[in-house]
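An overview of the molecular structure
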Amino acid sequence: MTDATTEAGVPVRTYLEHPSRPSLRLPPGACDSHVHVFGPTARFPYAPGRRATPLEAPKETLFALHRALGIERCVIVQSITHGTDNRVVEDAIAAGQGRYLGIALVETGVPDAELERLALAGFRGVRFNFMRHIATTAGVDAVLALTPRLAAVGMHLQVHFESELVHELSAPLQRSQVPVVIDHMGRVDATRGPDASDFQALLKLLENPRFRVKVSGIDRIDAHAPPGERYVHGEALARILVERFPERCVWGTDWPHPNHTHIPDDGVLVDALGRIAPDARHLEQLLVHNPQALYRFPT
């Protein structure tokens, strides 16, 4: 077994041990639609060849965070830290008593039997990365060729791409045979404002009802904001998305915040929801109804 501390350096803390308590009271059934879990490495070793080694962030720490924040449901996204060995997420789903579901990482040639097994275990989709810092051999055509097989097992497609790739990927992604969820508001640069071409292309893409967007990552798309102004540019774009596409947005903390410029405060991210979805109707739609429709939590 590979020791996580030796392959890619000393483990790096990416989350606050004691985040602030949010002042915003979340509605019953609120869902955090984007988190990861890391380790424990004694049971779930990190993937070889990874570029970074985060500190362990196991399911027990995640569950405790959600209790403190007032979050009752969650979708755990398999991370490149563990590669395509989805056991760490599967273990967390099994411990979550129906309140935790998952998104898997797979190769485009994954067997149908494995897709069916993952679906039965509580995985609702698969994620593909189109990011410079993430090595991938999957082209968009191969990913799209997988979508009829995803449809057969009730899974959707989740995509994570560089901001400027929205122009290149928009046309092919519309051939998907399943719903497409776009991570972190397309990773646009929020400081460029709502009129920037990448954000406008994202809005255009979302006119297709097959697409959803995660209004997560206000801290990533406004990553260098001064502490006193965090994260006003990201909040502004998220608010536009929620207002324009109220039934097709979901939200997540992105805990434990790997590969980042700083360590966000999860209490601050929750309180930002009061500005992203400032009325009770939009907040409940974002945190309760939309995740239920997309992820199909057991009721």
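The structure under discussion appears in the preceding block.
This section reports on the structure supplied with the text. (Residues numbered from 1 in each chain as written. Predicted model: local features only at pLDDT ≥ 70, side-chain atom pairs only at ≥ 80, totals over all residues. Heavy atoms only, no water.)

1. Overview of the pairing of strand β5 (residues 156-161)
Along β5, six of the six residues are buried, which leaves the element largely enclosed by surrounding structure. A two-sided burial pattern is seen for β5, the buried positions comprising H156, Q158 and H160 on one face and L157, V159 and F161 on the other. Both β5 and strand β6 (residues 180-182) contribute to a ladder of three bridges, which runs parallel. The residue bridging Q158 from the neighbouring strand is V181, located in β6. Traced from β5 through helix α6 (residues 165-173) to β6, the parallel crossover comes out right-handed. (Buried < 20%, exposed > 50% of the residue type's maximum accessible area, 1.4 Å probe, protein only. Helix = DSSP H or I, 4+ residues; strand = E, 2+ residues; numbered from the N terminus. Pairing = 2+ DSSP bridges. Right-handed = clockwise from strand over helix to strand, strands pointing away.)

2. Observations regarding the sheet that holds β6
Taken in spatial order, the eight strands of this open sheet run β1-β2-β3-β4-β5-β6-β7-β8, and their pairing is parallel. Since the sheet does not close on itself, it has two edges, and those belong to β1 (31-35) and β8 (249-250), each with one partner. Bridging between β1 and strand β2 (residues 73-77) involves three bridges; their strand directions are parallel. Among the inter-strand pairings, V35 is bridged to a residue of β2, identified as I76. Along the sheet face, helix α4 (residues 112-121) touches β3 (100-105) and β4 (123-130) and points at about 120 degrees away from the line of β4. (Contact = heavy atoms within 4.5 Å. Axes fitted to C-alpha atoms, helices over the stretch in contact; angles between N-to-C directions.)

3. Description of the packing of aromatic side chains
Going through the model one piece at a time under the given rule, you end up with four aromatic pairs. When the centroid spacing of 6.4 Å and the interplanar angle of 80 degrees are considered together, the rings of F38 and Y46 count as edge-to-face. Neither F38 nor Y46 differs from the other in exposure class; each is buried. Just above the ring of Y15 sits the side chain of R13; from NZ or CZ to the centre is 4.9 Å. In this structure, R73 is placed above the aromatic ring of F297, and the distance from its NZ or CZ to the ring centre is 4.6 Å. (Phe/Tyr/Trp six-rings, centres within 6.5 Å; stacked < 30°, edge-to-face > 60°. Lys NZ or Arg CZ within 6 Å of the ring centre and 35° of its normal.)

4. Some details on the layout of surface pockets
Considering only enclosed or pocket space, the second largest pocket measures out at about 310 Å³ in volume. Surrounding the second largest pocket, 17 residues form its lining, R187, R220, I221, A223 and T261 being those nearest its centre. Here the lining of the second largest pocket is built from residues that sort into four nonpolar, seven polar and six charged. (1 Å grid on protein atoms, 1.4 Å probe; cavity = no way out; pocket = protein on both sides within 12 Å on 5 of 7 lines; lining within 4 Å. Points joined across faces, edges and corners; volume = space filled by probe spheres on them. Nonpolar A, V, L, I, M, F, W, Y, C, P; charged D, E, K, R; others polar.)

5. Description of the pattern of salt bridges
Counted according to the given criterion, the structure contains 14 salt bridges. Salt-bridge contacts for R175 lead to D141; the nearest nitrogen and oxygen are separated by 3.0 Å. In this pair, R175 is assigned in the loop between α6 and β6 and D141 in helix α5 (residues 140-152), connecting sequence segments 34 residues apart. A salt bridge links K204 to E207; its shortest N-O distance comes to 3.5 Å. You'll find K204 and E207 in the same group, each marked exposed. Ionic contacts of the salt-bridge type, sharing partners, join the residues R43, K59, E60 and D91 into one network. (Salt bridge = Lys/Arg side-chain N within 4 Å of Asp/Glu carboxyl O.)

Everything listed here is a matter of geometry and, on its own, says nothing about what the molecule does.
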